[in-house]
Amino acid sequence: MNERDERKTIPIQELNEASNCSSAEPYALMVLGDSMMPEFEEGEIIVVEPSGLVKDGSFVVAFVNDEFIFRQLVQHADGWMLKPLNPMYENIPVADIDVAKGVVIMKKRPGKRSEQKSYL
């Protein structure tokens, strides 16, 4: 991979600290990796609502193990877990829904005006 192709990952908390946006305003992130395939492909843009309603089955940006992660929040008999859609990755058990820091409300494929999906 050459220098032009290399992506820089900016932690969400740094982005929020450098932004003039209110912490309650929606923000956009690019999906990196394949943990949420096939629903979310690498390179797609997700719009996250920080004050969105978190419920069973919501796609969320969560803070767990000292990092932000994009997963589906799922309730099960023993509590809650962050579930990747790709079965190659493991579920992450969490104590409660407070780990969710925002709910995905929409996705869009860059450069494709008609390719977007709402999750409201």
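Refer to the preceding data block for the structure.
The text that follows walks through the structure, step by step, so that each part is easy to find. (Residues numbered from 1 in each chain as written. Predicted model: local features only at pLDDT ≥ 70, side-chain atom pairs only at ≥ 80, totals over all residues. Heavy atoms only, no water.)

Two side chains that carry opposite charge are able to pair once their charged atoms sit near each other. All chains considered together, the criterion is met by 6 salt bridges. Put simply, lysine 107 and glutamate 39 hold a salt bridge, and the shortest N to O gap is 3.9 Å. Here lysine 107, found in strand β7 (residues 100-108), pairs with glutamate 39, found in the loop between β1 (27-30) and β2 (45-49); they are 68 residues apart in sequence, far enough to count as distant. Linking lysine 117 and glutamate 39 is a salt bridge whose minimum nitrogen-to-oxygen distance equals 2.9 Å. Of the two residues, lysine 117 is situated in strand β8 (residues 116-118) and glutamate 39 in the loop between β1 and β2; the sequence distance between them amounts to 78 residues. Take lysine 117: its relative accessible area is 38%, and that puts it in the partly exposed class. (Salt bridge = Lys/Arg side-chain N within 4 Å of Asp/Glu carboxyl O. Helix = DSSP H or I, 4+ residues; strand = E, 2+ residues; numbered from the N terminus. Buried < 20%, exposed > 50% of the residue type's maximum accessible area, 1.4 Å probe, protein only.)

Attention now moves to the pairing of β2. In terms of burial, β2 is a largely internal element, 4 of the 5 residues being buried. The sheet contact formed by β1 and β2 spans 4 bridges and is antiparallel. Note on β2: the bridge partner recorded for tyrosine 27 is valine 48. Of the strand pairs in this sheet, β2 and β7 are connected by 5 bridges, and their pairing is antiparallel. The residue bridging isoleucine 45 from the neighbouring strand is lysine 108, located in β7. (Pairing = 2+ DSSP bridges.)

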